[in-house]
Amino acid sequence: MELVRYLHYRNACLIFLAFLALFVTVSAQPVRLRSQITPSCPSSSQWKFADVWADGNLAVLGTYSCRGAFIFDISNPDAPSLASWYNPGDNQQFLEAIVIGTTAYFGSGNGGGVHVVDLNNPSAPSLVATINQTNGGGFSSIHEMLVFDQGGRRFLIENYNGFSDKRLRIIDVTNPSSAVLVREINPTDPQWVHAMHIRGSRLFTSGWGTSTSRGRTEIYDISNLSNQAPTLLGFIEDASASATAGNNMHSSWTSDDGRYLYSAREVTQSNGTSPGDVRVYDIQNPSQPLLVGRISMTDLGLNAITPHNPVVFGNKLYVSWYQAGVQVFDITQRNQLRRIGQYDAFPNTFRPETASQNIASEPWDLVCGTDNLQNLLPTTYDGTWAVFPLLGESKIIVGDMSSGLLILDATGAGMPQRNRISDFDGDRATDAAVYRPSQGLWINERSGGQSPEWYQFGISTDRPLVGDFDGDGRNDRAVFRPSTGVWYILGTTAGFYGFQYGLPGDIPVPADYDADGRDDAAVFRPSSGVWYIMQSTLGFKAVQWGTSGDIPMIGDFDGDGKSDYTVFRPSSGTWFQLQSSSSLWSSVQFGASGDKPQVGDIDGDGKADVVVYRPSNGTWWWIRSSDRAVGAIQFGITTDVPVMADYDADGYSDFAVYRPSTGIWYKLSGNNFTFSARQFGASNDFPVPAAVVGN
């Protein structure tokens, strides 16, 4: 099969493509969206919401411009409800929101102190006390706070919402109506402490620094707050060329064993020499902390300004990363960050309004191709503010500045992705399947040598489709009726149902566009280049991406669990992609007249790769997402139908063709190039996997 030819092209292009690589990426598997609630408030600002916390069946969401605090019933994570809006005076900016049991603590950033609120009846919150200068000697305006129990007492630690006072105040709030100032901490940071974290008997501060002096993350012993002043054990100053003068240590969290500290630096140099990052410190000896790891937006290929808040739960680190949503890292090796998942709640703010870009054909070899990635980077804070994973990885609570409250499921992070191409039994292997238009008949193989399944479903003019529309891990059979724009779905769990979505001439493009684990009904309208998506969780969305004559493609090219808007332009052999994770668009000129565009994961990294099949000589060409290497292999003849998919569930797409004249499937393993052939189908049958990849 001309493997020598493949290796020749791969090596020839590797050196060239090294100069085209825009960043090094780490593969990430999807994190599933379970639900989202965006409370309405009178503010016209994009920055509406702030911090988030949860306990049991209650979640609380602070506000930036909305005012007040929102209280949610999350007993059903798939259908949470807004219980109430605590908004006394219509003017309190409760940046901080904490709930412990049925008691909430709302910290005001504009003069209201800390409100202690009874949530025994979440729909009717009741003010118990206000912690301020009069009651407890607290600050009138706070930026961050912690509430924790020690020695049978409950304490509040708070900072001031501004650089003019860097002290931390520790207040006994066991009886909120008679709060007592226990003591103050005057940190050694030159300007201000932004946030605090407690693990066991140790307090960790995150110092901001100044334009000339580096910030300090301090480590204190607070084992006996009632009777003994905290003891400074050491600090992290991070005096290195890789940090700016101020350093802007925003917040931090320790590993469960307390040996490592994960610190987020909040800076606006998203494309500068010192972008915001997450740093890992070995703090076993707090007097001599060691920097042992670092990862930035550049390392991850993110289009986001900076990380905001890190939280550790078990062997995972969750980071709210503004425009990049929630990033999930495996920290089984505590000093190493390995990204295994992400969910991006940020809208495509940075995409151009139209896909009609004049991308000139490259003068070099067409096969090697090139990327054109638009340099549209954010320069201000926006997006996901906070993440709270402490209820468990199946019920992760997220606070987003514009989207409000989200609930995510990260149980699948780091696990193999589902196979969404003709996998009818949920074993992650594509099943050979055909649709017989003359009879409206579906026939598919089953794993384990079982007899094939037969379903009468559809008519001769229907367009066969597959997708997991009910989220049970198995593909459902579906047809789109072009004459009426009606979808008919035979769900493996949900059963039969139909609905009208689309017009005559629309091209169905079902896929998971909101990362909730269910494929969405969607159509591409060639006359206008508009995608119309009915997201199963987030509702209707329309995106203009493409022009007349473009071929819409279905694939997750950035590995975030959401299908990206992608078109192939046959007139120029150019691919245009609007990535859901970065909000940037890119183009690559890869293909020639007569090529059939395909989507597959050639390198098994969880991201779709650009692939074309050239019928004129039966050659496959591809660009691998992991290293931008180009390859080619001859497999097939002119009349074959390309049906690339993962038929052996090894995570690699296999080269495969269906020969209509004989009903034979020819497969070449994408992992080890093992050849196989199987007769399954008859003349004029349509191979079902071809419905997914745009044939």
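Our subject is the structure listed above.
Described in the following lines is the structure provided in the data block. (Residues numbered from 1 in each chain as written. Predicted model: local features only at pLDDT ≥ 70, side-chain atom pairs only at ≥ 80, totals over all residues. Heavy atoms only, no water.)

Observations regarding the overall build of the chain
Note the cut-off: The way it works is that DSSP assigns letters per residue, a run of H or I at least four long becomes a helix, a run of E at least two long becomes a strand, and they are numbered from the N terminus. Categorising residues by exposure relies on relative accessible area from a 1.4 Å probe, with only protein chains included: less than 20% of the type maximum marks a residue as buried, more than 50% marks it as exposed, and the intermediate range marks it as partly exposed. Contacts were defined at the residue level, with two residues in contact if any of their heavy atoms lie within 4.5 Å. Calculation of accessible area relied on Shrake-Rupley with a 1.4 Å probe; when residues are assessed, cover is drawn exclusively from the protein chains displayed.
Of the regular secondary structure elements, the chain holds two helices and 54 strands. The 695 residues of the chain split such that 59% are buried. Counting contacts in the chain only where the partners sit at least 6 residues apart, residues at least 24 apart contribute 48% of the total. For the chain, the exposed surface amounts to about 24900 Å²; the carbon and sulfur share of it is 50%.

A look at the packing of aromatic side chains
Quick reminder of the rule: Aromatic rings from Phe, Tyr and Trp, with only the six-membered ring used for Trp, were paired whenever their centres fell within 6.5 Å, and each pair was classed as stacked if the ring planes differed by under 30 degrees, edge-to-face if by over 60, and tilted otherwise. Whether a charge lies above a ring is judged from NZ of Lys or CZ of Arg, which has to be within 6 Å of the ring centre and within 35 degrees of the ring normal.
Counted according to the given criterion, the structure contains 32 aromatic pairs. Both rings, one in Tyr513 and one in Tyr565, keep their centres 5.7 Å apart while their planes meet at 15°; by these two values the pair is stacked. Here Tyr565 lies in strand 43 (residues 565-569) and Tyr513 lies in the loop between strand 38 (507-508) and strand 39 (521-525), a separation of 52 residues in the sequence. On the basis of relative accessibility, which here comes to 5%, the residue Tyr565 falls in the buried class. Pairing Tyr666 with Phe675 gives two aromatic rings, centres 6.4 Å apart and planes at 25°, and the pair type is stacked. Among the residues examined, Phe675 registers a relative accessible area of 46% and is labelled partly exposed. Among the aromatic residues, ring-to-ring pairing joins Phe480, Trp487, Tyr497 and Phe499 into one connected group. Across the ring face of Phe424, the terminal group of Arg477 is positioned such that the distance to the ring centre comes to 4.3 Å. Positioned over the ring face of Tyr343 is Lys562, at 4.4 Å from the centre of the ring.

Here we look at the pattern of salt bridges
Our working definition: In what follows, salt bridge is the name for a side-chain nitrogen of Lys or Arg lying within 4 Å of a carboxyl oxygen of Asp or Glu.
Applying the stated criterion to the full structure yields 28 salt bridges. As a salt-bridge pair, Arg153 and Asp172 come within 3.0 Å of each other at their nearest N and O atoms. Here Asp172 lies in strand 13 (residues 168-172) and Arg153 lies in strand 12 (residues 153-160), a separation of 19 residues in the sequence. Under the relative-accessibility criterion, Arg153 is labelled partly exposed at 36%.

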